[in-house]
Amino acid sequence: MITPDLIQAFKDNVSEFYDISYESLYLLKEITEVRELKAGTILENVGDIPNSIYVIIDGYCRSYFVNEKGKEFTKAIYKPLDIFTSFNAIIKQIPADCYYATLTKCTVIVTNYNEYINLREQHPDILKFHFSYLENLICQNDVRHKELLSMNATERYLSLRKQIPNIDNLIPQYQIATYLSITPVQLSRIRNNLNH
């Protein structure tokens, strides 16, 4: 259930990008539903043309892809109040090239993209939020790319732990390792070195 407290928490979060009015937030509420999901639930499959935007209320999700040899690579990890979908696929209305799945038990708000677009066109504050959020995503991707190129594995791990302090207790080691672009053995060594 989307409560007034939840709407306020979401408003506080999105205000980092643009201050959406309460009127617009309640209109957004009308095109959403809340889902309680088990760990390992697939939200979007590779090949799906998505039509939903997700907001995590509780729990953690990830996007990942599998190469031709069957090896998984975690593209992103999403935490509470993160907004996510396959933006490339949903904007272009093409098949997604990644899976989107819950890492833990999750409560997720699901918003219909087409109805969101209609609201966006009618309400300037939602439109301004939309573009500000997309700009923020571009900046996040830029930072992530720089981290992959310039940081060593230990530094990338510490950066992830700063973003999600309890990450080691939330998800399996191999999923953390794929996000860091290292092997589980390398991650184990890093953790051992940091604990000594």
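Each residue is numbered by its place in its chain's sequence as written, counting from 1. Only residues with pLDDT of 70 or above have their local features reported here, since the model is predicted, and side-chain atom pairs are shown and tallied only from 80 upward, although totals for entire chains, interfaces and linings are computed over all residues. To obtain the side-chain values, all non-hydrogen atoms of the structure were used and water was disregarded.

1. Some points on the pattern of salt bridges
A carboxyl oxygen of Asp or Glu within 4 Å of a side-chain nitrogen of Lys or Arg is what we treat as a salt bridge. Counted by the stated rule, this structure contains six salt bridges. Here Glu121 and Arg120 are joined by a salt bridge, their closest N and O atoms 2.9 Å apart. We classify Glu121 as exposed; its relative accessible area is 54%. Several salt bridges converge on common partners, so that one network encompasses Arg161, Asp168 and Arg191. Categorising residues by exposure relies on relative accessible area from a 1.4 Å probe, with only protein chains included: less than 20% of the type maximum marks a residue as buried, more than 50% marks it as exposed, and the intermediate range marks it as partly exposed.

2. Examining the state of the cysteines
A covalent bond between the sulfur atoms of two cysteines is what we call a disulfide. Any two cysteine sulfur atoms within 2.5 Å of one another count as a disulfide. One pass over the full model with this rule turns up zero disulfides. Of all cysteine sulfurs in the structure, the one in Cys61 sits closest to Cys106, which takes part in no disulfide; the separation is 3.8 Å. The class of Cys106 is buried, set by a relative accessible area of 1%.

3. Quick look at the nonpolar core
Nonpolar cores are built from buried Ala, Val, Leu, Ile, Met, Phe, Trp, Tyr and Cys residues. Side-chain atoms within 4.5 Å join them into one set. In this structure, Leu28, Ile53, Ile83, Tyr113, Tyr116 and Phe129 are the most contacted members of the largest nonpolar core, which totals 18 residues. Secondary structure counts use DSSP, requiring at least four H or I residues in a row for a helix and at least two E residues in a row for a strand, with both numbered from the N terminus. Every element with two or more residues in this core is listed here: helix 2 (22–29), strand 3 (52–58), helix 4 (113–122) and helix 5 (124–150). The element that contributes the greatest number of residues to this core is helix 5, accounting for five residues. Leave out the neighbours within four places in its chain, and Ile53 touches Ile83, Phe84, Thr85, Ile90, Ile109, Val110, Thr111, Tyr113 and Tyr116. In what follows, a contact means two residues having at least one pair of non-hydrogen atoms within 4.5 Å.

4. Some words on the side chain of Thr32
As for its placement among the helices and strands, Thr32 is situated in strand 1 (residues 32–37). For the purposes of these results, a polar contact is taken to be a pair of N or O atoms within 3.5 Å, where, inside protein, one atom must be able to donate a hydrogen and its partner to accept one; residues adjacent in sequence count only when each atom of the pair is a side-chain atom. Only 2.8 Å separates the side chain of Thr32 from the backbone oxygen of Lys29, close enough to count as a polar contact.

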